[in-house]
Each structure stands twice: as C-alpha cells, then as structure tokens.
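Observations on chain architecture
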Protein chains: 2
Amino acid sequence: MTDDAIRKSTPKSTPKSIPKSTRDGVSRRRLFGLAGAGAAVGAAGFAGGFGVAHAAEADAFDPARSSDRGAGDRYPFHGAHQAGIVTPAQDRLHFAAFDVTATTRAELVSLLREWTAAAVALTHGDTVGGGTPGAYEAPPPDTGEALGLPPSRLTLTFGFGPSLFRDAEGNDRFGIDDRRPRGLRRLPHFPKDNLDPARSDGDLCVQACADDPQVAVHAIRNLSRLAFGTAALRWSQLGFGRTSSTSRTQQTPRNLFGFKDGTANLKAEETRLVDQHVWVGAADDPKARWLAGGSYLVARRITMNIETWDRTSLREQENLVGRDRPEGAPLSGGTEFTPPDLTVKGSDGKPLLTADSHVRLAHHSQNDGVRMLRRGYNFTDGNDALGRLDAGLFFVAYVRDPDTHYIPMQTRLAARDGLMEYLQHRGSALFAVPPGVRPGEYVGQALFT
Amino acid sequence: MTDDAIRKSTPKSTPKSIPKSTRDGVSRRRLFGLAGAGAAVGAAGFAGGFGVAHAAEADAFDPARSSDRGAGDRYPFHGAHQAGIVTPAQDRLHFAAFDVTATTRAELVSLLREWTAAAVALTHGDTVGGGTPGAYEAPPPDTGEALGLPPSRLTLTFGFGPSLFRDAEGNDRFGIDDRRPRGLRRLPHFPKDNLDPARSDGDLCVQACADDPQVAVHAIRNLSRLAFGTAALRWSQLGFGRTSSTSRTQQTPRNLFGFKDGTANLKAEETRLVDQHVWVGAADDPKARWLAGGSYLVARRITMNIETWDRTSLREQENLVGRDRPEGAPLSGGTEFTPPDLTVKGSDGKPLLTADSHVRLAHHSQNDGVRMLRRGYNFTDGNDALGRLDAGLFFVAYVRDPDTHYIPMQTRLAARDGLMEYLQHRGSALFAVPPGVRPGEYVGQALFT
C-alpha cells in the first residue's frame, strides 16, 4: 500500500476545524504505527531537537520499522566508513559548506548529534524528527518538500575543514587543534587558480547525493535549518549529473566536455586499492587517530570555458583528453577500459598520448603510483552577462592523504595539462571526513572524546 | 542490443592513428547504419548548419529510423501544438531566454530553422546534426555530453518575447510588429515586484523539460551554440523538481513550502477547458492569426523566504495556503481533489478558507472563471552572504490571453495573498508561443510568411 493510498484511506474530519491534532510527522513513505504517539508533544518549537534520539535508536535496533521494509532504494547511514564515498555514485548532488558561528565545544557537539540523528532519518526516507509528530502551533519539524518521495538512495557525508581546528585568527575555538590531522590545511594556491573566497573553504561540509535532486536539496535545507544559530551556510553547489563511476556496475558518464569521465577511477570493488588510497590507516597519524577509517575530501569548483571548447576540433579535443570521444578509449588503442599505453608512438614518431594530454599527466604511473576516488558532478549555474554558461565540473575526490594523493598531481596538472586552457578553478576546499558512525554515536565523535 | 554493447562490438583499429575517419555523429542510443556515411564531410565548421535538414526530414518520413524504434521515452516534436505544454510535466527544467543580436530578418529565420531541426534531433535522442558525422578536423556538431543517454522525454518549447517585435528603442528590427499579438507586452509592474532585469524579459525563449537534467542542459547548450552570432543567452534557470501536474496520471508534487502544488491545475485530459483557457483561438486576434493554436507563456522567478517560512507554525502555513500539508486537502474539508468550498465557516463564524488564503484568491470563482495551465519548477541557486538559500519557485504558466488569464489574478494576489510575505518576485517575462510545427516547417513560420 503506498503512502498516498494510506493517507487517502485515513479517516478525516470534515470540514477540518481548528485546532486539529498534531500530524504530519510521518515516514515519507509510510505512516508509522502512531498509536500512543498522537498526543501533542507541545510547542517544542524550532530548536528543540525534534526527538532525534528516537530516529537514531530506531535506525539501529528496529528491523520492524516500517521504512526498513522493502527499502531497496536506500543506503544505510551507519557503517565502518561513511556512506557516499565508495557508495555507487548517485545521479544528483547538493554539496554545502558551513561556518560554525557558535563559540563553544558543547554547541558544536550538539549540532553534530542533531545532524547525525537527522541524517539517519533522512537516509531512511523519513522526515526530520524520525516520526515524531510536530505540534500544530509550532513550525513543522521537517520542511516537507520530500513528503511522498522515496529515500532515492540519499547519502549524507560529513567533513571537518581546517578552520574548524584553527580559525583565520589562529584560534582553537573548540579545543581540538592538538588533534588536527597532519594533512588538513588549506590547499595551496595552484598555478592558474582563480579562487572565489565565497565558494571556497568552510568549517564543516555535507555532501548530499541522491537519485532525486529534490531529496538532496531537502536534506541540505533541513540540516541547514537544524544548524540555525550554530552554523551558517557558507557556500553550496548543486550538481545535476555524476561524472564518475565508483562501482563496476555503473556506466561511465560524460562531463560537459562531452567525454566519458572517470574511466580510470577507483571502484568500490577494488577493495585493496581503496584501502591503500582512500581510507586513512590506523597508524597514519598518531595525533589524529580519530580519523582512522575516514578520508580527506577535496572539492574544486572548476568552470569550463565551454564556448571555447566547443570551437575546438574533435582532433584537438581528443588529443587534449588522451581518449577518443565516442567510446572513451585511450588514444594508444583498445576500448574504454584498456589501460593507456604511454609508450605507443604514431607514424610521426611522437607519442599518441602527448606530453600535455590529461590521461598521461593524471596516470598513476606519472604520479608516484597514487590513485584517488573521484565523485564529481556536472553543474550549470545560469550564465554571465556575455551569455556564456556558468558551467563545469564540481570536482570531488576522496584520498588517504592530500599531501601525497592530491597536491603533487594537481600541481603538475595545473602547470602542464593542456585542458587547463579550457578550465578555471574558482572554488577550493579540503575537509577531513571522519570514519563511519555506529548506532548511538554521532559523526566525528572520536574527535571530541 | 544496447548502444554500449554495439559500440563495444564495433571493430576498432589498434592503436588509433591520426588522422582517423569521421565519427561521433551518431544517434545517442544506437549507431545508425553508417555505410556510405563514413567519408569526411570536410571541415564544415562551426556555423555550417550541421546537416540539420536531414534530421527534419528523417523525423517525419523515416519510420525505419533507428531511434524511432522502441522509443517509449520520447515525445514527438511535431504536432498541432508545441510539445511541453500539456505534455505530462517532466521532472527537470532548463529554461533559457535569448536576445537576438543579428539585425536581419533572414538571420532570425535561419536561426529558427536551425533550432527547429536541432529540436527534432534532440527530442529523438539524436545528436545535433541528426546523424551527420562531423569532420575530425572540425569541432563536433554536437557537444556530446548526452551521448549514451536516452531521449528522457525531452521537450523543447519556443516562444517570442515582445522585444522581438519592438525593441527598447521602439524599432521593428525584423518587420513583424504589425503582427504582434495584442497581449504581447511586457508584463506590468505588480505590487511588491522586485525585479532583476538580468533575470527578466528576452527576445526568444526555450523551455527544455526532460526527466534527466543532463539531457535538458545539453539541449539548451547546443541551441545556444547554434545561436552563436545570431542570439545570445540573456538568462537561464534550472529547475530540479516539477511543481505541477499537467496530467491526471501524475501525482501532485510539492513546492519548497512543503505543500502540494498544482492540485487545481488544468490537466491535459480536460480538453474542453484547455481549448478554452490555454490555446489561442483562430479568431482571437485578427492581426496575429499566426498565433492560433499557440499560447502565451508567463515566467516568474519567485524567491521564497524559506528561513522565515520555516519558522511559521503549521497552523499559520496551512491557513495561508488554504490546504492541509499532509494531503493537500482544502481546509474546507475533503481530500486533495475535493473542490474548495469558500463558504464553509468554522465555529468562530469565520470562513475556514480565510480572505487572504492562496486557495481562495487563486480560485477560478474569484477570477472571472479563468484557469491557467501551470508548469513551474522548484529551484535552488546556492545561497546569499547570510547563508540563506536562494531558492523558490520558477513559475511557468500557459494561458490563452495574459490580459484576462494572468494579469488580473496576479494583481489581486500580489496585493492580498498572505503568502506574499514569504515571496519575492525577482524575474518576469512574457512570450508568445507559436502553434505546433508540421514536418518541413520551422517554429513560428507563419509569422514570417
């Protein structure tokens, strides 16, 4: 029985008279058994926590929970690692960076607790509040625009920026700087970077990925709302199409250059490589043991000079990328998943994968063997005054250590990649991504205990 | 056999040597039978028209065309009316307004011809060029990011703004002002309008709707590219979730206020009402007979003060809307599709649908019986410096006559609707939407002949 069908079969008073009893605090897909829950919880109001503890408990311990049944379209929030990293990349993204405005450690921890509980509910396809009805005289606990929508494979992935540990004035606001991970510093200024501070950095981040953008936007909106008075949205980015596969089960998608992107990406199935290149190891960083099992998230908003690219010949485009366009096969031959052969030369004696081709420069053999797990998205944010689309790639990568796995490669690419002529890096951020959350814990708990 | 499977089974030379033959000009879903089409067409270059005539002909006359087989996920471009109006509203939107920079009627007509042919190809799920291969030494005819994606129910709907007929200086650039439709003037300044000229008006518009945003964005990008030198993008808007149903087969979606939106919308199945309220009649406007079978498109970018709304009690929210939130039933009683009863009073003797409730003010009984067909979308475009989401409703409505079907209602709503406290109208545009296109014609042809 669908949610709608249940609603339609629910007896209603006609006409509705005011005041009516509390309602609306329901599973997005199915009404909970609400016997005993119908009494008004009072005007708990906006900052009251919305009974989030219920949701956290139910997530772990109630297999009879209605939204746990037949939920093939959801990913569990709890686990050894956070979801949304090796999880097969969903189709849509809403990414948000926040600055913490509260000044005490207790307030920060309280926010992380609330976010965790809300994330459990949201990834279940439940409303914020996890089924706790709101009072009719109070604002609804959940903003409601995802009511009736399935979980849509929503994942919520949380990260901590360097400024959470030490702010711009050098203050350790929350007493955590002695545990700051070694690699967690602002990314350096790379050659040709043209960064907009309003699209860069941040104390906290949330990556919301889902197959339905309304579900992702709803999640960020409600997390932002829960943060009111504690943290404020600094920047956010919608992405409409994934540009990487993170599982062998997925087709390789295309970026706005029209090329398949992420063919050589790390895949979830390559567990040994993922362990080696994505997850922070237990012994990596003695000062930051809390990060073991976590990762680093690199975010770069890369604008594409689309109109210029679109006037470039197919030959030049393919040479710059190092792959053919129809299939994504390396120019050294084969099909999409044939490894590039950097040694093959053409009849003119020059390498088919030229010195400035992206495939060559990004190949792990040219980068001390390091690999990264990319999880980027195409974006389009309107146009400029000259009618040029503000579009490109919101690059997201997860790496074990930015000092070995991102900064050297990006330094090289920024200086030598022929594609740089068609790109502008406009936003930049680095976050430490805590490990997964166990039932009853909150995200990043080991940092604070 | 899938596109990918076909590609993988295609013999390839290994390694690829340069130059290679032309390729890449393929159906997005299936390779055409390309025998005889493999020869280079020469460096036709960027502005060459991309063999679009082929596509137009193929659309009409080639049922054996590969992309016509098994294409349950596409809507035909040709028809008595343009698609994208009564078509069941797709999930995603990319809307674009253009200013014509060319100065001659011949250039404008040429653009409309190219757009028409490209629209036929794109709505088929083909590349721009409709299967004509591009030259390897020239830019690809199609930008490529939708290669491998199905048509995704793409519709492309074209409109003409008042400034196409008479520009800001009063010039009739294209010799068409004597045929300007009576209702086609800039919309008036409504109470509380706070319009941004950079998000308003335009000589031409294209509404791209699809179930996959990458397909909609790809279409606008390629139409914008075809327009290079003739028309420039003025503004554009992505929408991630529909806010109206246009067919009885669809569930009513929710807007960012969390309420079902468009319950009372005109539906495609109500053909008598659609004829009465959406399509311009043959005798409506003797000076603009070319518009018969067309419509007017009203676009309004409405920002929602989401943070304020989210602090409003559920009681107040429901009273302002005039419907309950869980189900969308009118507060006068019943279920979602029960007609609102404006006369029912509560125990306090006041109407349950208050004088400032949206449902009452927008009800056709309060608006001389007029109805409109709404086709709006939720949007989120990042956030402002205070961390508030720039989000809301991109309102799109199709009406037979804006002077009777939109302006009076919006004047009333702007002055009296309680929801206005939570809204800001930031963009505004009106377009005349020509009737449907027959095979071999171009969109709006009757205006120019």
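The name given to chain A in an unreviewed UniProt entry is Deferrochelatase, with the source organism recorded as Actinopolymorpha singaporensis. As recorded by UniProt, the Subcellular location (unreviewed entry) comment attached to chain A reads in full: "Cell envelope". UniProt lists a comment for chain A under the heading Catalytic activity (unreviewed entry), and it reads "heme b + 2 H(+) = protoporphyrin IX + Fe(2+)".

As a further point, take the overall build of chain A. The number of helices and strands found in chain A is twelve helices and ten strands. Expressed as a percentage of its 449 residues, the buried residues of chain A come to 64%. On chain A, roughly 15,900 Å² of surface is accessible, and the fraction owed to carbon and sulfur atoms is 54%.

This part takes up the nonpolar core. Counting residues in each nonpolar core, the largest one holds 164 residues, and the members touching the most others are W115(A), L156(A), W115(B) and L156(B). Not counting residues within four places of it along the chain, the set of residues in contact with L156(A) comprises F77(A), Q82(A), A83(A), A119(A), L122(A), T123(A), V206(A), Q207(A), A208(A), A219(A) and L223(A).

This next bit is on unusual backbone geometry. Most peptide bonds are trans, and most residues other than glycine sit at a negative phi. Residues and elements named next belong to chain B. In this structure, R153 is a non-glycine residue whose phi angle is positive, near 55°. One non-glycine residue, D201, lies in the positive phi region at around 60°. Along the chain, the position of D201 falls in the loop between α4 (162–165) and β3 (204–210). Residue classification places D201 among the buried positions, given a relative accessible area of 19%.

What follows deals with the interface of chain A and chain B. Contacts between chain A and chain B engage 77 residues on the former and 77 residues on the latter. With both chains or domains summed, chain A and chain B bury close to 6,800 Å², and 52% of this area falls on carbon and sulfur atoms. On inspection of chain A and its partner chain B, the count reaches eight salt bridges. R92(A) is paired through a salt bridge with D212(B); the nearest N and O atoms lie 3.9 Å apart. If you look at where chain A meets chain B, you find 28 residue pairs in polar contact (both at pLDDT 80 or more). Contributing elements (two or more residues each) for the side of chain A that touches chain B: α1 (3–9), β1 (92–100), α5 (213–226), β4 (231–239), α7 (306–309), α8 (314–321) and β8 (377–383) of chain A. Of the residues in the side of chain A that touches chain B, the class split is 29 nonpolar, 23 polar and 25 charged.

Time to look at the pattern of salt bridges. With the rule as written, the count across this model stands at 48 salt bridges over all chains. R300(A) serves as the salt-bridge partner of D193(A), at 2.7 Å between the closest nitrogen and oxygen. Remark: R300(A) occurs in strand β6 (residues 295–304) and D193(A) occurs in the loop between α4 (162–165) and β3 (204–210); sequence separation between them is 107 residues. For the pair shown, D193(A) and R300(A) are each scored as buried. Within the structure, one salt-bridge network assembled from shared partners comprises E145(A), R221(A), R225(A) and D310(B).

All names here are of chain B. Viewed as axis vectors pointing N to C, helix α3 (residues 105–124) and helix α5 (residues 213–226) meet at an angle of 155°, and their least axial separation amounts to 10 Å. With respect to α5, the element α3 is oriented roughly antiparallel. The two elements α3 and α5 cross, and the hand of that crossing is right-handed. Contacts between α3 and α5 involve L111, E114, W115, A118 and L122 from the former and H218, A219, L223 and L226 from the latter. A class-by-class count of the residues in the contact of α3 with α5 yields seven nonpolar, one polar and one charged.

Before going further, it helps to examine helix α11 (residues 407–416) of chain B. Residue and element names in this part refer to chain B. Listing the buried residues of α11 in full gives I407, M409, Q410, L413 and A414. The buried side chains of α11 occupy one side of the element, clustering within an arc of 160° when seen end-on. For α11, the elements touching its buried residues are β6 (295–304), α9 (358–362), α10 (402–405) and β10 (423–433).

This paragraph deals with the relation of the copies chain A and chain B. Expressed as a screw transformation, the operator carrying chain A onto chain B has a rotation angle of 180° and an axial translation of 0.0 Å, and the superposed copies differ by an RMSD of 0.0 Å. Both copies are brought into coincidence by an operation consistent with a two-fold rotation axis. Ranked by how close their C-alpha atoms come to the rotation axis, the residues of chain A are headed by D381(A), at 3.5 Å.

This next bit is on the pairing of strand β9 (residues 389–399) of chain A. Residues and elements named next belong to chain A. Among the eleven residues in β9, eleven count as buried, and that is most of the element. With two bridges connecting them, strand β7 (residues 373–374) and β9 associate as antiparallel partners. Bridge pairing links R374 to A397 in β9. Two elements, β8 and β9, share five bridges in a ladder whose sense is antiparallel. Bridge assignment links T380 to a residue of β9, and that residue is A391. If you look at the hairpin formed by β8 and β9, you'll find five residues sitting between the two strands, and G387 has a positive phi there, around 85°.

Among the secondary structure elements, W279(B) is positioned in the loop between α6 (271–277) and β6. Residues W279(B) and L291(B), spaced twelve residues apart in sequence, show a C-alpha to C-alpha distance of 9.0 Å.

Glancing now at the packing of aromatic side chains. Residue and element names in this part refer to chain A. Considering all chains together, one arrives at 30 aromatic pairs over all chains under this definition. For the ring pair W235 and F394, a centre distance of 6.0 Å and an interplane angle of 65° mean the geometry is edge-to-face. One end of the pair, W235, is in strand β4; the other, F394, is in strand β9, with 159 residues separating them in the sequence. Just as W235 is buried, F394 falls in that class too.

What follows deals with the state of the cysteines. Under the counting rule described, the total for this entry stands at zero disulfides over all chains. Counting only cysteine sulfurs, C209(A) is the nearest neighbor of C205(A), a cysteine outside any disulfide, at a range of 11 Å.

Below, the discussion takes up the pairing of β4(A). Residues and elements named next belong to chain A. The buried count for β4 comes to seven of nine residues, which makes it a mostly enclosed element. Of the strand pairs in this sheet, β1 and β4 are connected by eight bridges, and their pairing is antiparallel. Following the sheet pairing, F95 is matched in β4 by Q237.

A few words now on the environment of E107(A). Residue and element names in this part refer to chain A. Position of E107 relative to the elements: it lies in helix α3 (residues 105–124). Along the chain, E107 and S357 lie 250 residues apart, while their C-alpha atoms are 49 Å from each other. The contact partners of E107, leaving out residues within four places of it in the chain, are A102 and T230. Of the polar contacts made by the side chain of E107, one reaches the side chain of T104; its length is 2.7 Å.

It is worth spelling out the confidence of the model for chain A at this point. Residue and element names in this part refer to chain A. Of the residues in chain A, 83% have a pLDDT of 70 or more, and the chain-wide mean is 86. Segment residues 1–26 is flagged for pLDDT under 50; beyond a separation of four residues in sequence, or across chains, it makes 75 contacts in the model. This model gives residues 30–70 a pLDDT under 50, and the stretch forms 72 contacts once residues within four places in sequence are excluded. In the model output, the complex is listed with pTM 0.88 alongside ipTM 0.87.

About the thresholds
Residues numbered from 1 in each chain as written. Chains lettered and ligands numbered in written order. Predicted model: local features only at pLDDT ≥ 70, side-chain atom pairs only at ≥ 80, totals over all residues. Heavy atoms only, no water. UniProt positions renumbered as here; feature names shortened; annotations may be inferred. Helix = DSSP H or I, 4+ residues; strand = E, 2+ residues; numbered from the N terminus. Buried < 20%, exposed > 50% of the residue type's maximum accessible area, 1.4 Å probe, protein only. Areas by Shrake-Rupley, 256 points an atom, 1.4 Å probe, with all protein chains shown as cover. Core = buried A, V, L, I, M, F, W, Y, C linked by side-chain atoms within 4.5 Å. Contact = heavy atoms within 4.5 Å. Buried area = accessible area lost by both parts, 1.4 Å probe. Salt bridge = Lys/Arg side-chain N within 4 Å of Asp/Glu carboxyl O. Polar contact = N/O pair within 3.5 Å; in protein donor to acceptor, adjacent residues only side chain to side chain. Nonpolar A, V, L, I, M, F, W, Y, C, P; charged D, E, K, R; others polar. Axes fitted to C-alpha atoms, helices over the stretch in contact; angles between N-to-C directions. Parallel < 35°, antiparallel > 145°, perpendicular 65-115°, else oblique. Left-handed = near helix turned anticlockwise from the far one by under 90°. Arc of directions from axis to C-beta. Least-squares fit on C-alpha atoms with pLDDT ≥ 70 in both. Pairing = 2+ DSSP bridges. Phe/Tyr/Trp six-rings, centres within 6.5 Å; stacked < 30°, edge-to-face > 60°. Disulfide = S-S within 2.5 Å. pLDDT = per-residue confidence, 0-100.

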